[in-house]
Structures are given as structure tokens and as C-alpha cells.
Amino acid sequence: MAPILPTTQLPPVEVFAVEDRAAQLTWRRLPDGHLVARIGDAEHDLGPAARPGAAEIGGMEPGTEHAIDLSVDGRLAARTSIRTLDAMAGPSIKIATVNDLHFGEDGFGLVKQLRDRHTDPYPLRCARSAARDALDWGAELLVIKGDITCHSRAEEWEMFDEFLADIPIPVMAIPGNHDTIGHVRSLDPTIELQRRGLFPEPVTARQVGGTTIITVDTTLPTQSHGSVGHRQDDILAALDVDRPAVIFTHHHFEDRPVPWFWPLGLRYRDGTPLIESLLEANPDLFFSAGHTHRNRMRRHKSAVITEVSSTKDYPGVWAGYVLSPTGIRQVVRRISDPSSLHWTDRTHAAVAGIWGRWTPGPLTQRSFDHAWSRDYDAISGPSQAWSSPSA
Ligand SMILES: [Fe+2]
Ligand SMILES: [Fe+2]
């Protein structure tokens, strides 16, 4: 297997995420000094140009092409452009998701392992920073979708407690294959999650902002791949046919009968019939998975199927969902804390640099809007359905 190479080709400045009025810029290296972004006649003071760094630029016009000049101490350092998404109609509520936190991991890479020299372990540092970013963004619910730990050991669940201690909003959680790995000192992840008031059932539903949020446990004890067909009746029972649904799993839905990349997820013959039978009951379904440590989006009939990459390796992200009666927005953002960016940028070079090219996915598959087939405001009414999640 190829070693980690010391050099990598990260873009110097990148538009990593976009919404209707805001965009996230990330950069690997800019000159030392004071950073200012100019968009048309407007100047946005972004503070010191930390390296690496990330910044949100707000106050943008929806559905518009914007040219952005980045200056450091008055000198043009980079130039980029962005098209903002269209404005969403109706009231909206924001929720967020993280996955593949891998508490307990202490190195990254297949043969030669990258090590972190920071005093805070990088999985906890990245996960905490992701949660802080999601809270600042306005998330009212956090869905943690598996691979919380590396080996489900007691000290890894203690790290999870440290993570949860900083989160004041309701949390939903499901295990991943790393949590059910079944090593000698592994604890039962179901018991560990339930002890923390999480994961009450393998299929759990919650109504948020007129949308049904469903988490589905797809793990198979000691197996890396997952299974979902046996959950069909429970998911159908959790679906409300008069509301759209966002369905969270750890494992991804494989897109071909013969898997073509690692890791294995939900086999095509298992996952695709499930999606089709759910679509017969409700055409407005949005799936969000982890496990692959990459960002992707595809469509299957009227369903949107996404994968969100890990918090703790390149690009190091969390995902936000804006729920409205007319549709859903996904925005995948890099974790903005410089010490987390410093670590995840290093992992860009893993697997001979393939990691950094494979995992980010295109901007259009990270940040996008999807319109539901019906206007749910007209069906359920905002006063009844548009409520925040309760703790
Ligand atoms: Fe993972
Ligand atoms: Fe996984």
C-alpha cells in the first residue's frame, strides 16, 4: 500500500459551502496580515489571515453570481467567484449532523500513520469544533450517525460524554460499524447510547419543523457493512405520509449491484428495494449517511441520497439541513477552527494523496436545494407543524 506523501495539492483558497445569502471560504495558506473580502462595493473584514483558515461571508444576494477578491493588508491575495443559492420560501428550521467521529483514534493513514502533536486528541477537537460551528449556524437538533468510537471502549465513550457536555440542543444518535466492532474490551454500544438517553429504538422518529426526522440503525454486529431491509416495516410505521422525511443512517446505500469502492455499505439488493417501497408510501424522502468518509449526492426517482464525510479527516465537516415546507437545503461545511483545519489539511495527503481528491465531492453535491413534490405548508399549516425539537 502506498505511503503518505509529504506534499499535497490543496487549493490555496476554496469556496467550500454556499447558501442563499452566505458562503464559506477556506484557505490553506495566505500571507500573514489582515484579511478582507471584497464583493462588489461591499467589504467584509475577516480578521487575521490564520493559516489554514475559514470564514463565512454573509449578506449576499440570493441566486446571484458574485466575484470575490481577497486582500491581505490591502494587497490582492486571491480571487474567486461563487453563485449563491436561491432564497427558500416559507418558514424554516435548521438541524445538523455529524458522523464518523472515531473517538479513540490516534493516527490516520493506511501504512504510515499521521500523528497529531496537539494536546487535545484530534477526534474530540474536531467533533467539538463541528458542534460549535453548527450551533453558531443555528442548528436546533444534532443527529450523530455512527462511528462515534473506534472500538467502543470505556475511555472512548467517556470522550463522547465530554463532547455531549458542550451541546445544549436535543441529540439523536445511532451506532456505526466501529461501535459494534466487538473487540475484547468493547462495550455494548446500544447500552452506552441508551445510558445517555440516546438511541431509544433501532428506528426512532421525531417531528421537527413539519418534517419527520428518522434515525435507522443499520449495523450488523462485528461486520463492517450494514443491512437495512429488515427495518422496512418500522420505517414505514415512522413515516408520516403527509410530511416529508429525512432518514439518517450510518451506512451508505450502494449505487450499483456490484460494489466498486471501499467500504461496503448497504448492498444494492438490500437498500434499493427499501427505498422504492418507502417512495410508494411517501415521495418526499431525503437520505443522509456517513461511513464512506466522503461527500456525495445522487437521486433515485424522487429521493435524494447523500453521504457526508467524517469530522476528523479531510475535509473534516459537518452538514446542516434547512427544513422548509417547500423543500430542504443541504450545506456541508468544513470545521472552521484553525487547529482542526490544520489536522484535516494534513490528512489530505493520505493514501498517496488519493484521499484528498476522493473525499470532498463537488460543491454542487455538498450545497444544494431540493424541492419537495408538494407544498407542505398548504397541507399542514405552519402554526401546527413548524415547531422546534424539544429536548
Ligand atoms: Fe467511519
Ligand atoms: Fe463506518
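*Asks:* Break down the confidence of the model for the protein for me, citing the residues and quoting the values.
*Replies:* For the protein, the average pLDDT comes to 92, and 94% of its residues sit at 70 or higher. When mean pLDDT is taken per element in the protein, strand β14 (residues 285-289) scores highest with 99 and helix α10 (residues 382-385) scores lowest with 47. Long-range and interchain partners of residues 1-8, a stretch whose pLDDT sits below 50, account for 19 contacts in this model, where long-range means more than four residues apart.

*Asks:* Kindly report on the sheet that holds strand β8 (residues 93-98), identifying the contributing residues and their values.
*Replies:* Here six strands make up an open sheet; going across it, the order is β10-β9-β8-β17-β18-β19 and the pairing mixed. Each edge of the open sheet carries a strand with a single partner, namely β10 (171-174) and β19 (368-371). The sheet shows a mean angle of 20° between the axes of neighbouring strands, direction not considered. The sheet contact formed by strand β17 (residues 317-323) and strand β18 (residues 327-334) spans seven bridges and is antiparallel.

*Asks:* Describe the coordination of the iron ion (ligand 2), and please don't skip the residues or the numbers.
*Replies:* Every protein donor of the iron ion (ligand 2) is listed here as D147 (OD), N177 (OD1), H250 (NE2) and H291 (ND1), and their distances to the metal cover 2.1 to 2.3 Å. Bound by four donor atoms, the iron ion (ligand 2) shows angles of 86 to 163° at the metal and therefore irregular coordination geometry. The sequence pattern describing where the donors of the iron ion (ligand 2) fall on their chain is D-x29-N-x72-H-x40-H. In this structure, the iron ion (ligand 2) is positioned 3.5 Å from the iron ion (ligand 1), and both are ligated by D147. Pair noted here: D147 is in the loop between β9 (142-145) and α2 (154-165) and H291 is in the loop between β14 and β15 (296-300), with a separation of 144 residues, a long-range link. Judged by relative accessible area, which is 1%, D147 ranks as buried. You can call H291 buried: its relative accessible area is 5%.

*Asks:* Explain the coordination of the iron ion (ligand 1) residue by residue, including any values.
*Replies:* Note on metal sites: the ideal angle is 109.5 degrees for four tetrahedral donors, and 90 or 180 degrees for six octahedral donors. Distances from the iron ion (ligand 1) to its protein donors, D100 (OD), H102 (NE2), D147 (OD) and H293 (NE2), fall at 2.0 to 2.2 Å. Its four donor atoms give the iron ion (ligand 1) angles of 87 to 170° at the centre, a pattern that matches the irregular case. Mapped onto the polypeptide sequence, the residues donating to the iron ion (ligand 1) form the spacing pattern D-x1-H-x44-D-x145-H.

*Asks:* Describe the pairing of strand β6 (residues 65-72), listing the residues and the values that go with them.
*Replies:* Each regular strand shows side chains that alternate between the opposite faces of the sheet. With five bridges connecting them, strand β3 (residues 34-39) and β6 associate as antiparallel partners. Bridge pairing in β6 links V36 to S71. Pairing of β6 with strand β7 (residues 75-83), which is carried by eight bridges, proceeds in the antiparallel orientation. In the sheet register, S71 faces β7, and the bridge partner there is L76. Here β6 hands over to β7 after two residues, with D73 in that stretch at a positive phi of 50°.

*Asks:* Any chance you could break down the pattern of salt bridges for me, citing the residues and the numbers?
*Replies:* For the coordinates displayed, the defined rule picks out 23 salt bridges. Ionic pairing is found between R79 and D69, a salt bridge with its closest N-O pair at 2.7 Å. Placement of the pair is R79 in strand β7 and D69 in strand β6, with a sequence separation of 10 residues. Of the residues examined, R79 reaches a relative accessible area of 61% and is grouped as exposed. Here R185 and E155 are joined by a salt bridge, their closest N and O atoms 3.4 Å apart. One end of the pair, R185, is in the loop between β10 and α3 (189-195); the other, E155, is in helix α2, and 30 residues separate them in sequence. Accessibility expressed as a relative area gives 47% for R185, which makes it partly exposed. Among the ionic contacts, a cluster of salt bridges with common partners joins D161, E192, R195 and R196.

Conventions and cut-offs
- Residues numbered from 1 in each chain as written.
- Chains lettered and ligands numbered in written order.
- Predicted model: local features only at pLDDT ≥ 70, side-chain atom pairs only at ≥ 80, totals over all residues.
- Heavy atoms only, no water.
- pLDDT = per-residue confidence, 0-100.
- Helix = DSSP H or I, 4+ residues; strand = E, 2+ residues; numbered from the N terminus.
- Contact = heavy atoms within 4.5 Å.
- Pairing = 2+ DSSP bridges.
- Axes fitted to C-alpha atoms, helices over the stretch in contact; angles between N-to-C directions.
- Donors = N, O, S within 2.8 Å, 3.2 Å for Na, K, Ca; no water.
- Tetrahedral: all angles 85-135°; square planar, octahedral: opposite > 155°, others 65-115°.
- Buried < 20%, exposed > 50% of the residue type's maximum accessible area, 1.4 Å probe, protein only.
- Salt bridge = Lys/Arg side-chain N within 4 Å of Asp/Glu carboxyl O.

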